Each structure stands twice: as C-alpha cells, then as structure tokens.
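Spelled out, the chains give:
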Amino acid sequence: MTALAALRDALVGRPRDAALVGVIGLAYAGLYLWVIGDLGPGGGGGLAARFPAWERVWQARGPLHFEPVGLIEAGPWIWTFSPLNTLLALGLGLLLGANLVLGRRLRHGTRHCAWRAPGGSLLAALPALLAGGACCAPMVMIWLGLPLAGALIPVLPWLLPLAALLLLASLLTLARRLAALP
C-alpha cells in the first residue's frame, strides 16, 4: 500500500476518523482565531451577520494576518470574520487533526501486530503537536504579556509557514509508516 493510499484510507475510508479530524480541526481553528483576536466574547445574545468590507479581503494587518471583512454575532460570541485568517486556521487545524489521527492509527496498528515501528509510535504524533503549537504558542505568550514574547517577535512571521511545512512533513512520515504496516 502506498503512503497516499494509506492516508486516504485512514482519513476518508473511516467515518469516525474523518469526524475526529474535523472536530480537532474546528477546535484548533477556534483557538487560533481566539488567540489572534478574531473570535471573542462580547456578543449581545442574538444572531447577526454583517459583511460591509469585502474590498479589504486581501489587506494584511501583518504577515499572514488579514483584515476582517465582516462581523458575526452568535449568542455571547463575536467573530470579526476574515476569510483568509479562517482558511489558514482551518488548514492548520485539519493538518494537526490528520496528524493526530494517523498517530493514533499507527499506535493502534503496531500494538496489534508483531512488527514494531522504530522510534515508538506514540512519539510519532509529537512533531504534529509541536508544529501545531508553533504558531499559537508565541501569540499566547504575547497575549499573556510574558517577557519572553519580545524575543519571539522577530521570528513570528516565519512560524506559521514553518508550522504548516512541519505538519505536512509529519503527515507524510506517518502515512509512510502506516503504509509499511503489514
């Protein structure tokens, strides 16, 4: 079985795993949007949506951080909606979810067969967790006002693309290991 076939089988062929990837992806996206300030409390309790500024969709606030085009109020929450920030958050979240699900599948697969993957299968998902936190952890430190955050500001623009590349590399590594299982 090839790595792509193993990846497709693991994520699409099993509805429970696909749902788990989706739940992890949405949870991570929500956390990411909350940390960058696009999602937060303060809604009036109702449901309303306004999108008056679609012309600002490509305007950047910073590196890979874009201006909102609208406002969504849902109960106690307010979401300053930026389609590009939302796509980035969902993309990273789905990559993280896929890595964690494949890591769990690899751990489960090696437990039921005599062949063991070198390096321990539980540690196979560790790069995914570290990469998934690479873009949010410095923002959380800045949000909390920790002194170390000032030292991380020069590298902050590089962390989001680095996290995406690490998540992709980890996903391919996990898929190859899963494909190598008997």
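Engineer: Sorry, what's going on with the overall build of the protein here?
Structural biologist: Tallying secondary structure elements over the protein gives 7 helices and 6 strands in all. By residue count, 40% of the 182 residues in the protein fall in the buried class. Residue pairs in contact within the protein that sit at least 24 positions apart in sequence constitute 69% of those at least 6 positions apart.

Engineer: Is there a simple way to explain the sheet that holds strand β5 (residues 70-74) in this structure?
Structural biologist: For sheets, the rule is that strands pair by backbone hydrogen bonds, running either parallel or antiparallel. Taken in spatial order, the 4 strands of this open sheet run β1-β6-β5-β2, and their pairing is antiparallel. Two strands bound the open sheet, and with one partner strand each, they are β1 (39-41) and β2 (47-50). Each adjacent strand pair in this sheet contributes to an overall mean axis angle of 15°, direction not counted. By the bridge criterion, 5 bridges tie β5 to strand β6 (residues 77-81) in an arrangement that is antiparallel. If you follow A74 over to β6, its bridge partner there is W77.

Engineer: Just to check I follow, could you spell out the packing of helix α1 (residues 3-11) against helix α7 (residues 156-180) for this structure?
Structural biologist: Think of two packed helices as two axes; the pair is described by the angle between the axes and how far apart they sit. Their axes nearest at 8 Å, the elements α1 and α7 cross at an angle of 95°. Here α1 is positioned roughly perpendicular relative to α7, judged by the angle of their axes. Of α7, the residues touching α1 (which contributes A3, A6, L7 and A10) are L171, A175, R176, L178 and A179. Tallied by class, residues from the contact of α1 with α7 come to 8 nonpolar, no polar and 1 charged.

Engineer: Hey, could you run me through the environment of L181 in this one?
Structural biologist: Along the polypeptide, L181 turns up in the segment after α7. We classify L181 as buried; its relative accessible area is 16%. Along the primary structure L181 and A6 are separated by 175 residues, whereas in three dimensions their C-alpha atoms are 9.8 Å apart.

Engineer: Would you mind going over the UniProt feature "transmembrane region" (unreviewed entry) in the protein with me for this structure?
Structural biologist: Here the UniProt feature "transmembrane region" (unreviewed entry) sits at residues 18-37, 77-102, 122-146 and 158-175. Each end of residues 158-175 is marked by a C-alpha atom, and these two atoms are 26 Å apart; helix forms 100% of the span and strand 0%.

Engineer: When you look at the nonpolar core in this model, what are you seeing that I'm missing?
Structural biologist: The nonpolar side chains of a soluble globular protein tend to be buried with one another. Among the nonpolar cores identified, the biggest contains 27 residues, and L7, L11, Y32, L102, L171 and L178 are the most heavily contacted of them. Secondary-structure elements contributing two or more residues to this core are α1, α2 (15-35), α3 (83-111) and α7. No other element matches the 8 residues that α3 contributes to this core. Setting aside anything within four residues of it in sequence, one finds L7 in contact with L102, L171 and A175.

Engineer: Explain the confidence of the model for the protein here, please?
Structural biologist: Interpretation of the predicted coordinates at a detailed level should be avoided for regions scoring low in pLDDT. Chain-level statistics for the protein give a pLDDT mean of 79 and a share of 75% at 70 or above. Looking at the elements of the protein, mean pLDDT is at its lowest for helix α4 (residues 126-134), recorded as 60, and at its highest for β6, recorded as 93.

Engineer: Can you walk me through the side chain of N85 in this structure?
Structural biologist: Of note, N85 is situated in helix α3. At 2.9 Å, the side chain of N85 forms a polar contact with the side chain of D38. In this structure N85 touches Y32, L33, I36, D38, L64, H65 and F66, once residues within four positions along its chain are discounted.

Engineer: Would you mind showing me how to read unusual backbone geometry here?
Structural biologist: Most of the time, phi is negative for any residue but glycine, and the peptide bond is trans. The backbone of L64 sits at a positive phi, close to 55°, despite the residue not being glycine. Residue position: L64 is located in the loop between β3 (60-62) and β4 (65-66). You can call L64 partly exposed: its relative accessible area is 33%.

Engineer: I keep staring at the side chain of D17 and nothing clicks. Help me out?
Structural biologist: For D17, the location among the structural elements is in helix α2. Within polar-contact distance, the side chain of D17 engages the side chain of R104 at 2.5 Å. Not counting residues within four places of it along the chain, the set of residues in contact with D17 comprises A10, L11, V101, R104 and R105.

The rules behind each value
Residues numbered from 1 in each chain as written. Predicted model: local features only at pLDDT ≥ 70, side-chain atom pairs only at ≥ 80, totals over all residues. Heavy atoms only, no water. Helix = DSSP H or I, 4+ residues; strand = E, 2+ residues; numbered from the N terminus. Buried < 20%, exposed > 50% of the residue type's maximum accessible area, 1.4 Å probe, protein only. Contact = heavy atoms within 4.5 Å. Pairing = 2+ DSSP bridges. Axes fitted to C-alpha atoms, helices over the stretch in contact; angles between N-to-C directions. Parallel < 35°, antiparallel > 145°, perpendicular 65-115°, else oblique. Nonpolar A, V, L, I, M, F, W, Y, C, P; charged D, E, K, R; others polar. UniProt positions renumbered as here; feature names shortened; annotations may be inferred. Core = buried A, V, L, I, M, F, W, Y, C linked by side-chain atoms within 4.5 Å. pLDDT = per-residue confidence, 0-100. Polar contact = N/O pair within 3.5 Å; in protein donor to acceptor, adjacent residues only side chain to side chain.

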